[in-house]
Every structure is written in structure tokens, then in C-alpha cells.
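Residues per chain are reported as follows:
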Amino acid sequence: MCSSEEADLLRLEEVFSTTLGCTIRLILQPLLSADPEPSDPCGRECLQLLEQLRENAQRLREVTEQSLRSLQQRLYHPPSMGLEALLILNNTNHILQAHMEYIKSYTDCVVVQAFQKVSKRRSEYWRSQRKALRQLLSCGSTEGLVGTTMCQALHQPHAQHVQKYVLLLLRLKDTLGKHHPAEELVMNAVTQFGNLQCFMKEALDQAVATQALWHSLSSRLRDVLCTPTHRLLQDSQDIPVVVTPLRAERVLLFDDALVLLQGHNVHTFDLKLVWVEPGQDKHVFHVLTPEEEFSFCARDPQGQVVWWWKVTQAVCQALRGKKDFPVLGSGLEPPVPTDCRCVAYTFHHEGRLYQATYEGEWCRAKPHGKGTLKWPDGQNHVGDFCQGLEHGFGIRLVPQASEDKFDCYKCHWQEGIMCDYGICEYGTDKVYKGYFQAGLRHGFGVLESTPQASQPFRYTGHWERGQKSGYGIEEDSDRGERYIGMWQADQRHGPGVVVTQAGICYQGTFQGNKMTGPGIQLCDDDSLYEGTFTRDLVFLGKGKVTFPNGFTLDGSFSSGTDKGMCIQGMLDTAALLPDPSSTRKRQLGLGAFPVESRWQGVYSPFRDFVRSGCPEGLQEALLGFHVQSSRELRKSHEDLCCERSHPKDCASSMEDILKELLQHREHKALQQYLRKALSSPRHPLGRLLRTLMLTFQATYAGIGANKHLQGMAQEEVKQHAQELWAAYRGLLKVALHRQGRTLEEEGMETRDKQVHGLLLPLILPSFYSELFTLYLLLHEREDGLYSQGIANLSLFPDTKLLEFLDVQKHLWPLKDLKLTSNQRYSLLQDECFLSATKCLQKIMTTMDPWEKLEALEKTYGEIEATVSRVLGREHKLPMDDLLPLLIYVVSRARIQHLGAEIHLIRDMMDPIHTGGLHDFLLTALESCYEHIQKEDMRLHRLPGHWDSRELW
């Protein structure tokens, strides 16, 4: 059964809905329909505020009618609808929101006196409407100003309606029994509408006070400050306060801004960017803003408390983005504004950030955290900030003055300056990947042209204060040459090697980008010039030419414009024919660039990282951030993004890396761990290896694939293995230190064993392609002779070849051969020692010197096993028997570039094998290789001078 209170609520809603309809029809619509439209900005603003008020009034009327319908359904169909189904109870917030919006738009109009200003335009009409306006007021006179009457007509019915809501809901609550399902809902509605009643009073008081403020200000100040959104919270004319050092004449606290007046000057501070801190004196507190810091000093403690409390509350309210409900500061304890905020602000003071807009996180009036800086000239910075400065990873776009292009810096920053690792994409079609210091390229880095650049080039090496300095590699594709050597102040300076696309090499001392003084030139045909050059690398002065055939030309060289080169000297043709390897195997750069000092710029950041204890925050800055692909790295400038691993992910992975490190100390487990670490671009060891691969390719791939650089490359790979082992030991030391343990000292012998036996085989595949190419070029002539010998030997059937090689017949494995009725032993080919041949061919399938030696050892084992099977007993082969059998197997294995393979194994194998079985077998293989080169395989040397047709 419905109560009388519910019937009263229904009538209350009916009356209020009717009143709102009359208000819209009699006041708001006539105010908005006045012609002509005002031309002044103030008049247009008033019309906009009135239009908003009309919309909110209409919205409030719709919500009231929804509430009315729910009451009607309850009253006319009580069995089907419980009390808790009333809109005013089950959706109180929906109704409150409509009332709040109406109050907001109404008080906005009050603040700027919109009713008074607009009504003046049709004063005659509004005087005739006094009687209609009187109908909307339950009390009071309408004999005053028309604008004031309008204010009362728009507010009084609303305030009375909310008051009656509270009274009727309280009466309704009293009618409910204990534990009624709707009791809690009714009590919540009473509380909420009671709070709304208080809020309405405060909102109106603030609006009236703000309206009164404008009359106390000069017209100039009023034009600056008078906005409908401002609400005055405190005025220093009411409670005096002194502001230092600004010396403000008057202080106004609004709900969204703190305003200091100094004559005609107005200093406005957004409350979202105001931080309040207590001072040492109880009468003083400090205010921090992005560009100003000042203190408030009240005359007495009570005044200080009021200002402190109101500023703090206003800041909290501004940060929440809406007015406090039910009423400002109604809680027992005032909330404390958070130090960390996210706001946009444009800087106005002269300086580095002049006219820049920062949007992001703040802490104590300084950009702190993640944010974006934008300057009017188009310069942008997105990244991490600390105490007002760029600090951490950030991306900056800098527009070029002359063209519609940008420089894009993706790097780490420290106190506003680029430092550590970064990737910079310049609008001039250049890209730099490397390290910075004090905003300049410093340390190791690569500067190269983009693929679409008209003049391609690349520099890989060291920098100092923004200039190429130290050891570096420059490739000039236009000139078809590569410079390997020392630099100073962006110029080639000191010892250097130039390798040209034509295969000519120069080595000497450079100054001012030109070679000066004595030097050497090595040609592709192995001729050698030793002497002085012009700055254009032309022979000039005393020099000596050694030709491939051993002839020498010693004298004085000069050149003329018409006559070509002139030589005065002695040609010596009596010299003995030189050892071909003595000229062919001349190696450049070995003495000029000590291997341990070439790539210190690559190792130094890693060493610094390890020495500092592998701090989580420095992993990315020192070791570089990981990018998924070059395509993702070169995204458009508008994204301002770099697909890199998140710093937090890096931090956790570093912790995991150190923990996992301790779990793999035994040889086999350590080998598996290092293989996995070196293959991962996110692991410090893997990252370091990839950088070393980059330097190796920059030096020895392409134009640098020159046989005279093989010595440099070989010792470089070995040095990298030593440095990577030292890096692993450094990480292990840090991991043990975190557990309170120490790392045992490692002897030189133990270190060499681990470097050559464990690490070198793991990293060699990363450099194998370029390194093996150099071995191929260096031993090209011997391998050519060897290939010809193999081709000749392949003409022989197995028995004829065994006979030719003087293999004793009782060692021939003829009984292993399965013949058909139409076959003879003398015609079979590639059937003898087949298992040994297949073992030896495995040398070509692996890059690990140890695995190559194992394949050679198994080949020897298979040869002995075959011989033992032929003899029917175990037999150990003496060298005299082994060598011809091994020559046979080598000839049948047909390994291409065997000379390059042998020398690479010899150079890269573990020294522990020196003098052992593997050394013996490798020496035997070398003898076979040399024998096949030198042996003249012409058929007339065979017994009986067989014709090739007789062989088949």
C-alpha cells in the first residue's frame, strides 16, 4: 500500500516539472530569442551561458518527469512495483547529476550577471512580464530590478524543491518498519539531497561573492579575470596576507587559480600546478609553481591556517576536476594534494623552455616522470624527466631550418643532455647508432647514410667530442675504397690502411686526410712498392718496387702531366725467384694497430656497467636498447616511438640473468648457457657479440675482403674471445658479490684453456663468413694448384690410384668391394676407404675447429679400421703407410679450398692440441695437401705410359 508521503512526492514532482516548463517558456526562451544578436563578445558569451542553462533546465525537467512516471507506476499499480523501484531511490545519482548541472550553469550566469545584461536589451518587454515572473516566486517582491527578479525566479523554486525532497524523504523513512528493503535506499537519498541542499547554498554564495568581486576591480583587471568559471574562495582584503618576493598588492584565490595582483599586472597560477609546503615559521607557508616560488605570510596563526587550508582544499578540488560534494571542506580532515600529477603547461619565462608546452607527469612543480615537450618551432621531446630535466630514455624531433625534414634522436639523456647509447636519424639522410657524452658523439658509434642517400658512406669507429677520433673504419662507395686506421678531429691522422675496390692496398701515416712520408703499396698481382707518395697516392721520390717474379726496381720516381711516370734507378733481374708465399702473404696493419686497443670503445661501456655492479637502471643506457628490426626502428617521425624492450623488463631480465649465471658453472652446462646467452640480443653478452660482429663486417666484408687483412682479422677474433670471456667473468663476479661471495682468481693457463676451448668455438660462427673469405683469398693460388691435382687424380680408378700412390697392395681393401659379373677391380672408382672419405668431408660442414679436428681424427680411425679389417688383425699404421692412404682419401673427398680449411684450423685450434695427436694428423693433412699441389699427374709418368683410354 502506498503512503501519503509518496503521494506528496508525486505532487511535488508534478509541480516542479510544471515550474521548470514555465521557467523555460517565460524566461529562458525569450532571453535567447531576442534580436538582433549582440555584436560584443560579452553579449555573445552571456547568450551562450543562457543557452547552456536552458539545456540543463530541459534536462532537469526530463529527469523530473522520469521520477514522476516511476511514482505514478508505484501509486497506480502498487502490487507490481515495490518502493525500492522508485527512480528517486534506486538511481539517486542520476537525479543529483541533473540538479548539479543546472546549479553549475545557473551560477555561471550569476557570476557574469548574464540575466541583467541580456534583459536590458528588451527592458520594456520584461517590465510587462512582472506579473508572470511573480507567479514563479512563492515569496518576495518583484518590484526590484528585472535581472534580480529573474535570478530569484530561476533559483528559488529549485532550492525549495530540493528542501521539500529532504523533508518528504525523512517522513517516508519514519513510516518504514525495521529491516524494510528500501530503508537503506531512503536513508541514502536523504543524505544525498541534504548534501545537495548544502552544496547549492555554497555554490550560490561563491557565485554572489565572485560577482561582487568584479565591482571592486578596475575595468582592466575585470576584463582579464572575469570569466563565468571563476569562483572566489578567498580574498586578501578579508584576511590579509603578504606574498614574498613578489610583493603582491592583493591575492585572490579562485576555485581553479591563484591570482596575484601587482598594479595592472596579473599573475595567474593554475591550481593543478600549485604545490603547498609548510614553512619553518608558523605564520608562513611556501607555494611552488613551474616557474615561480613564493611564500605566504599571514599576520597571525589563524589567518595562516585559513589560507593554508583553503589553498590546499582548492588544489585538491582542482586536481579532481570537479567541485567537492557535498560541500568544500566538509570532511573532518582536509585531504592532502598528491605530489605527483599529470597536467599540461606552457612556459612563459625566458630560458631553455620558453614557450614550450609540457604535458605529462609532475612532482613538486617540476616535470618528473613521463611527458612530452613541444616547442613552437616544431621541436618535440617525448620521454622520461627528472626534476625538470630530460633524464632517461627520450625521443626528440628537431626540425631543420631549410627543409621540411627533422632530426630524430632516440637516446638516453642525463640532466637534459644526451648521453650513453642512442640512435639518431638525421634529416640529411644519415643515421648514427652509438654513444654520446655531453650531447656529442663520444665513444663507439656508427654513422652511415640511409639506403636512399645519393652519396652512400659509412663510418664505424670511435668518436671524441662529436668528431671522429681514434680507431675507425670509413667506407666511401663513390671512391670505391675503405680506410682502416686512426683519426683525429674528423680527419685521417696517424697510421692507416686504404683498401680499394681494385684490390690495391696502401699503408702509411696519414695527416689531414692524406698519406704523408714513407709507405707501401700492395697490388692485386702481389707487386710491392715501398717508398714515398704524393698526397694523391702517386709514387714520388725514392722508392723500391718488388715484382712477383722477384725482380726489383730501386730508384727515384716522378710524374709529369704529359709523360706519365718517370723512373731513374736500377732494375735487378738477378735475384732468386722468391717464395710465392713471401709476397702473397704480406699482412697489413698488424704492427700499426695493436689488437687489444682497436675496439676499446665497444668494451668500455660494458666494463663500466660491470664495475658499477650491473645496476638495473643503467643496463639499457650503457648496453643499448634492443629493437626488433630496422624497419621498426625507422618509423615515421610522427609516431615518436621506438620498439625497444621496456626498461622494467630489462631490469627484471638482468636480475634473472645474474641468477641463472650461478646455476651453470660446470663445463657442459656453462657451454650450453654461453651458447644461449651469445645468441640472445637481449643478453649483455649477446648484445656485445652483435656489436663486435658489426665492427668485423664493417672492416672485412665487401671492399675489405682483401687477403692482406687476414692477419688482422684472425687476431681480432681471438681478442674478441678473450674480451667476451672477461665479460662473462665480470658478470659472474657481480652475481657472486650479490650473494656475499667472491670469485676465485683465474690463472693465465686456465683462462687460455677456457677462451680457446670453450668460448672461441662458440663465437667463431658469428665471424666465419668474413674470416673464411679472407683465408680463401689468401690461399687462392695454392688451392688452385690443389684443385688441379684433385682433378687429375680423379681420372684414376681406385686400384690405379692406390698403385700410383705407392700404397702397399696388401693394404688394398679389395675384399670390401662387391663386384657384379660385369665388373673388374681395376675399373671401380670412389669405392675404397669410403667411410674414411665421408668422415673427412665433414670438415666442410662445421665451423668449429675442434669439430674439424674430430672429423680428421675419425678419418684416421676409419683408415686404420679398414686396414685392420683387410689384414684380419689390429694394425697401427706407420707414417710411411699412413701418408699415401691419407692422400688417397683426400683426393676422393674432393674438399674445396682445403688449404684455407687447414690454415684456419691451424690458426684457431686450441693450443692444448699442439704436439698431440690432432697436431700430428693436421700436419699429415698438410703434407697431403702440399703433395697433391706439387705432384705432376701427367699420364706419361705412370708405368707403361698408359693411355687414358686404357684406364677405363
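Along each chain, the written sequence defines residue order, and numbers are assigned to residues from 1. Thresholds applied to this predicted model are a pLDDT of at least 70 for local features of residues and 80 or more for the giving and counting of side-chain atom pairs; totals over whole chains, interfaces and linings are not thresholded and use all residues. Excluding hydrogens and water, the side-chain figures rest on all heavy atoms present in the structure.

1. A look at the overall build of the protein chain
Here is step 1 of the chain: Runs of H or I in DSSP of at least four residues are treated as helices and runs of E of at least two as strands, each being numbered from the N terminus. Along the backbone of the protein chain there are 27 helices and 27 strands.
Here is step 2 of the chain: Categorising residues by exposure relies on relative accessible area from a 1.4 Å probe, with only protein chains included: less than 20% of the type maximum marks a residue as buried, more than 50% marks it as exposed, and the intermediate range marks it as partly exposed. Taking all 952 residues of the protein chain together, the buried fraction comes to 49%.
Here is step 3 of the chain: Once local pairs closer than 6 in sequence are excluded, the contacts in the protein chain between residues at least 24 apart make up 53%.
Here is step 4 of the chain: In this description, accessible areas are obtained by the Shrake-Rupley approach with a 1.4 Å probe, and a residue is regarded as covered only by the protein chains that are shown. By element, 50% of the accessible surface of the protein chain is carried by carbon and sulfur atoms, the whole surface being about 45500 Å². We call two residues in contact when some of their heavy atoms are within 4.5 Å.

2. Looking at the environment of Asp300
Here is step 1 of the chain: Within the fold, Asp300 resides in the loop between strand S8 (293-298) and helix H11 (301-320).
Here is step 2 of the chain: Considering only alpha carbons, one finds Asp300 and His283, 17 residues apart in sequence, at a separation of 6.3 Å.
Here is step 3 of the chain: A polar atom in the side chain of Asp300 sits 3.1 Å from the backbone nitrogen of Gln302. Polar contact criterion, stated in full: a pair of N or O atoms within 3.5 Å, where within protein one must be able to donate a hydrogen and the other to accept it, and residues adjacent in sequence count only if both atoms are side-chain atoms.

3. Here we look at the nonpolar core
Here is step 1 of the chain: We define a nonpolar core as any set of buried Ala, Val, Leu, Ile, Met, Phe, Trp, Tyr and Cys residues linked to one another through side-chain atoms lying within 4.5 Å. Core analysis: the largest hydrophobic core is formed by 73 residues, its most contacted members being Leu674, Leu685, Leu731, Ile763 and Leu771.
Here is step 2 of the chain: Filtering out sequence-adjacent residues up to four positions away, Leu731 remains in contact with Phe606, Val610, Cys614, Met654, Leu658, Leu661, His683 and Leu685.
Here is step 3 of the chain: In this structure, Leu83, Cys109, Leu217 and Leu221 belong to the second largest nonpolar core, which totals 72 residues.

4. Structural notes on the confidence of the model for the protein chain
The predicted coordinates of low-pLDDT regions are not to be read in fine detail.
Here is step 1 of the chain: Taken as a whole, the protein chain shows an average pLDDT of 85; of its residues, 88% reach a score of 70 or greater.
Here is step 2 of the chain: Contacts from residues 328-332, a stretch scored under 50 in pLDDT, to residues over four places away or in other chains number eight contacts.
Here is step 3 of the chain: A residue's pLDDT is the predictor's confidence in that residue, given on a scale from 0 to 100. Counted against residues more than four places away or in other chains, residues 646-652, with its pLDDT under 50, gives five contacts.

5. A closer look at helix H1 (residues 4-32)
Here is step 1 of the chain: By definition here, a helix of n residues has an expected span of 1.5 Å times n minus one. With 29 residues, H1 should reach 42 Å at 1.5 Å per residue; the first-to-last C-alpha distance of 41 Å fits that figure.
Here is step 2 of the chain: Along H1, the helix axis deviates most sharply at Ile24, where the bend reaches about 35°.
Here is step 3 of the chain: H1 sits mainly inside the fold: 21 of its 29 residues count as buried. What the bend at a residue measures is the angle between two axes, fitted to the seven residues ending there and to the seven starting there.

6. Here we look at a nonpolar patch on the surface
Here is step 1 of the chain: Where nonpolar side chains cluster on the molecular surface, the patch consists of Val538, Met565 and Ile567 and spans about 220 Å² of accessible area.
Here is step 2 of the chain: Within the fold, Met565 resides in strand S27 (residues 564-572). Surface patches are defined over residues having more than 30% relative accessible area and no salt bridge, joining like charges when they lie within 9 Å and nonpolar side chains (Val, Leu, Ile, Met, Phe, Trp, Tyr) when within 5 Å. Take a side-chain nitrogen of Lys or Arg and a carboxyl oxygen of Asp or Glu: if they are within 4 Å of each other, that pair is a salt bridge.

7. Looking at the environment of Leu86
Here is step 1 of the chain: Its place among the elements puts Leu86 in the loop between helix H2 (41-76) and helix H3 (87-90).
Here is step 2 of the chain: Taking relative accessible area as the criterion, Leu86 reaches 0% and is therefore assigned buried.
Here is step 3 of the chain: For the pair Leu86 and Gln73, spaced 13 residues apart in the sequence, the C-alpha separation amounts to 8.9 Å.
Here is step 4 of the chain: Residues within four places of Leu86 in sequence aside, it is in contact with Glu6, Ser70, Leu71, Arg74, Met81 and Asn91.

8. Here we look at the side chain of Arg441
Here is step 1 of the chain: Secondary-structure assignment places Arg441 in strand S17 (residues 440-449).
Here is step 2 of the chain: Asp490 provides the closest opposite charge to the buried, unpaired Arg441, separated from it by 6.3 Å.
Here is step 3 of the chain: Setting aside residues no more than four positions away along its own chain, Arg441 makes contact with Tyr426, Tyr432, Tyr435, Phe436, Leu447, Trp463, Glu464, Arg465, Gly466 and Gln467. In this tally, Lys and Arg are treated as positive and Asp and Glu as negative; His is ignored, and so are the chain termini.

9. Things to note about the sheet that holds strand S3 (residues 250-254)
Here is step 1 of the chain: Pairing is antiparallel in the open sheet, where four strands are placed in the order S1-S3-S4-S5. The sheet is open, and its two borders are formed by strand S1 (232-235) and strand S5 (265-270), each paired with just one other strand. Each adjacent strand pair in this sheet contributes to an overall mean axis angle of 20°, direction not counted.
Here is step 2 of the chain: Strands qualify as paired when DSSP identifies two bridges or more between them. In this sheet, strand S4 (residues 257-262) lies alongside S3 in antiparallel orientation, the contact comprising four bridges. Counted as the bridge partner of Arg250 is Leu261 from S4.
Here is step 3 of the chain: Only the stretch in contact is used when a helix axis is fitted, and all axes are lines through C-alpha atoms; the angle between N-to-C directions ranges over 0 to 180 degrees. Helix H9 (residues 183-215) rests against S1 and S3 of the sheet, and its axis sits at about 55° to S1.

10. Structural notes on helix H8 (residues 146-175)
Here is step 1 of the chain: When the terminal C-alpha atoms of H8 are compared, their 44 Å separation across 30 residues agrees well with the 44 Å that a helix rising 1.5 Å per residue should span.
Here is step 2 of the chain: Along its length, H8 reaches its greatest deviation from straightness, about 25°, at His155, and the proline Pro157 lies no more than four positions downstream.

11. A few points about the packing of H8 against H9
Here is step 1 of the chain: Contact geometry of H8 with H9 gives a least axis separation of 9 Å together with a crossing angle of 155°. Taken as axis vectors, H8 and H9 run roughly antiparallel relative to one another. Of the two possible hands of crossing, H8 and H9 adopt the one that is left-handed. When H8 is examined against H9, the residues His155, His158, Ala159, Val162, Gln163, Tyr165, Val166, Leu169, Leu170, Leu172 and Lys173 are found in contact with a partner set consisting of Val186, Met187, Ala189, Val190, Phe193, Gly194, Leu196, Gln197, Met200 and Leu204. Should an angle lie under 35 degrees it is considered roughly parallel, over 145 roughly antiparallel, and from 65 to 115 roughly perpendicular; all remaining angles are considered oblique. By convention the crossing between two helices is left-handed if the near helix lies anticlockwise of the far one by an angle smaller than a right angle, and right-handed if it lies clockwise.

12. Concerning the packing of aromatic side chains
Think of a pair of aromatic rings as described by two things: how far the centres are apart, and how the planes are tilted against each other in angle.
Here is step 1 of the chain: Stacked, edge-to-face and tilted labels apply to pairs of Phe, Tyr and Trp rings (six-membered ring for Trp) whose centres lie within 6.5 Å, assigned for plane angles under 30 degrees, over 60, and everything in between, in that order. Summed over all chains, the structure comprises 33 aromatic pairs.
Here is step 2 of the chain: Plain terms: the ring middles of Tyr358 and Phe385 are 5.0 Å apart, the flat faces sit at 80° to each other, and that makes the pair edge-to-face. Taken together, the residues Tyr358 in strand S10 (residues 357-363) and Phe385 in strand S12 (residues 380-386) connect sequence positions 27 residues apart. Just as Tyr358 is buried, Phe385 falls in that class too.
Here is step 3 of the chain: The structure contains a cluster of three or more aromatic residues connected by ring pairs, namely Tyr432, Phe436, Tyr459, Trp463, Tyr483, Trp487 and Phe510.
Here is step 4 of the chain: Counting as a charge over the ring demands two things of the Lys NZ or Arg CZ atom: a distance within 6 Å of the ring centre and an angle within 35 degrees of the ring normal. In this structure, Arg341 packs its charged tip against the face of Trp275, placed 4.1 Å from the ring centre.

13. Considerations on the pairing of S3
Here is step 1 of the chain: In terms of burial, S3 is a largely internal element, five of the five residues being buried.
Here is step 2 of the chain: Burial of the side chains of S3 extends over both faces: Arg250, Leu252 and Phe254 are buried on one face and Val251 and Leu253 on the other.
Here is step 3 of the chain: Both S1 and S3 contribute to a ladder of three bridges, which runs antiparallel. When the sheet's bridge partners are listed, Gln234 is paired in S3 with Leu253.
Here is step 4 of the chain: The hairpin formed by S3 and S4 contains two residues between the paired strands.

14. Remarks on the sheet that holds strand S7 (residues 284-288)
Here is step 1 of the chain: Taken in spatial order, the four strands of this open sheet run S2-S8-S7-S6, and their pairing is antiparallel. Since the sheet does not close on itself, it has two edges, and those belong to strand S2 (241-244) and strand S6 (275-278), each with one partner. Direction aside, the axes of adjacent strands within the sheet are offset by 25° on average.
Here is step 2 of the chain: Note that S2 and S8 share four bridges and pair antiparallel. The partner of Val243 across the bridge, within S8, is Phe296.
Here is step 3 of the chain: The strands touched by H11 within the sheet are S2, S6, S7 and S8, with S6 carrying the most contacts at an inclination of about 150°.

15. Quick notes on the side chain of Thr312
Here is step 1 of the chain: Inspection of the secondary structure puts Thr312 in helix H11.
Here is step 2 of the chain: Classification of Thr312 as buried rests on a relative accessible area of 8%.
Here is step 3 of the chain: If near-sequence neighbours (up to four positions away) are discounted, Thr312 is found in contact with Val276, Pro335 and Pro337.

16. Re unusual backbone geometry
Note: most peptide bonds trans; most residues except glycine with negative phi.
Here is step 1 of the chain: Pro245 follows Thr244 through a cis peptide bond whose omega is 5°.
Here is step 2 of the chain: Within the fold, Pro245 resides in the loop between S2 and S3.
Here is step 3 of the chain: Even without glycine at this site, Asp420 takes up a positive phi of about 60°.
Here is step 4 of the chain: Position of Asp420 among the secondary structure elements: in strand S15 (residues 417-426).

17. Remarks on the pattern of salt bridges
Side chains that differ in sign of charge can pair as their charged atoms come close.
Here is step 1 of the chain: The final tally for this structure, using the stated rule, is 35 salt bridges.
Here is step 2 of the chain: Among the charged side chains, a network of salt bridges with common partners joins Lys468, Glu474, Arg479, Glu481 and Arg492.

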